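A closer look at the structure
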Amino acid sequence: MADQDKTRVEDSRRERQPRGPIARQAEEKQDEFEERTVVVNRSSKVVKGGKKFGFSALIIVGDRNGHVGMGFGKANEVADAIRKAGERARRHLITVSMNGSTITHMVTCSFGAAKIMLRPASQGTGVIAGGGMRPVLELAGIKDVLGKSLGAKNAVNVVKATFQALANMKTRAQILAKRDRNAL
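A brief report on the enclosed structure follows.

The rules behind these values
- Residues numbered from 1 in each chain as written.
- Predicted model: local features only at pLDDT ≥ 70, side-chain atom pairs only at ≥ 80, totals over all residues.
- Heavy atoms only, no water.
- Salt bridge = Lys/Arg side-chain N within 4 Å of Asp/Glu carboxyl O.
- Helix = DSSP H or I, 4+ residues; strand = E, 2+ residues; numbered from the N terminus.
- Buried < 20%, exposed > 50% of the residue type's maximum accessible area, 1.4 Å probe, protein only.
- Polar contact = N/O pair within 3.5 Å; in protein donor to acceptor, adjacent residues only side chain to side chain.
- Core = buried A, V, L, I, M, F, W, Y, C linked by side-chain atoms within 4.5 Å.
- Contact = heavy atoms within 4.5 Å.
- Expected span 1.5 Å × (residues − 1).

A few words on the pattern of salt bridges. For the coordinates displayed, the defined rule picks out five salt bridges. Counted as one network, the salt bridges with shared partners bring together R36, R134 and E138.

Okay, here's the thing in structure tokens:
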């Protein structure tokens, strides 16, 4: 009888892991995404006892196959901020319209003072983009693109502008369907 009570106590102390097919699918889905940290910021607040530091992190996740997500997390520790940002990025995925290994058409977009321009490129050009645009485009699976940041250099706003640009892109079939015509 004492042995049974002892095993119950040990069982309750163990952390419970989610089980079953749904938990396995969730694990597999999280593992298929690659994660990149774009920027980690430290902010401080002066209080009576000294300085209190806070951290924010911007994370990009993608499967290099047309799906990419962005997350921004804040916490008192760097690791917690990165974890929160990664979770948010996995929840907010977008699908990117692509034409082979490049984007479908030229697009310009702005967020805040950051303005970016993306142009399709011929096969073998590679990703010619800097700053916060490069990890977004690479993790989305775009292999040939020309990108230019025209406005502010703030990495967070550049990434958000890039996401707006990728979300606004349409394929030829989508545009013609909206016009109520057949794709040629």
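Next comes the rest of the write-up.
On to unusual backbone geometry. For R64, which is not glycine, the phi dihedral falls at a positive 55 degrees. Along the polypeptide, R64 turns up in the loop between strand 2 (50-62) and strand 3 (67-75). On the basis of relative accessibility, which here comes to 37%, the residue R64 falls in the partly exposed class.

With respect to the helices and strands, T102 occurs in strand 6 (residues 102-103). Of the residues examined, T102 reaches a relative accessible area of 9% and is grouped as buried. In terms of polar contacts, T102 uses its side chain to reach the backbone amide nitrogen of A121, at 3.2 Å. Here D144 takes part through its backbone oxygen, which lies 2.6 Å from a polar atom of the side chain of T102.

Looking now at the nonpolar core. If you look at the biggest cluster of nonpolar residues, it comprises 28 residues, and the most contacted ones within it are V68, L118, L137, I142 and L166. Ranked by the residues each element gives to this core, the list is headed by helix 5 (residues 155-168), at seven residues. Those residues in contact with L137 that lie beyond four places of it in its chain are L118, V127, A129, I142, V145, T162 and L166. Judged by nonpolar contacts, the second largest core, of five residues, contains F33, I59, V61 and A85.

Position of I103 relative to the elements: it lies in strand 6. Since its relative accessible area comes to 1%, I103 is described here as buried. Among all residues touching I103, those that are not within four sequence positions of it are S97, L118, R119, P120, I142, D144, V145 and M169.

For the rest of this paragraph, the subject is helix 5. Compared with an ideal rise of 1.5 Å per residue, which puts 14 residues at 20 Å, helix 5 spans 20 Å between its outermost C-alpha atoms and is within 8% of the ideal. Taken together, the buried positions of helix 5 are occupied by V156, N157, V158, V159, A161, T162, F163, A165 and L166. Looking at where helix 5 begins, the residue whose side-chain oxygen comes 3.1 Å from the main-chain nitrogen of V156 is N154.

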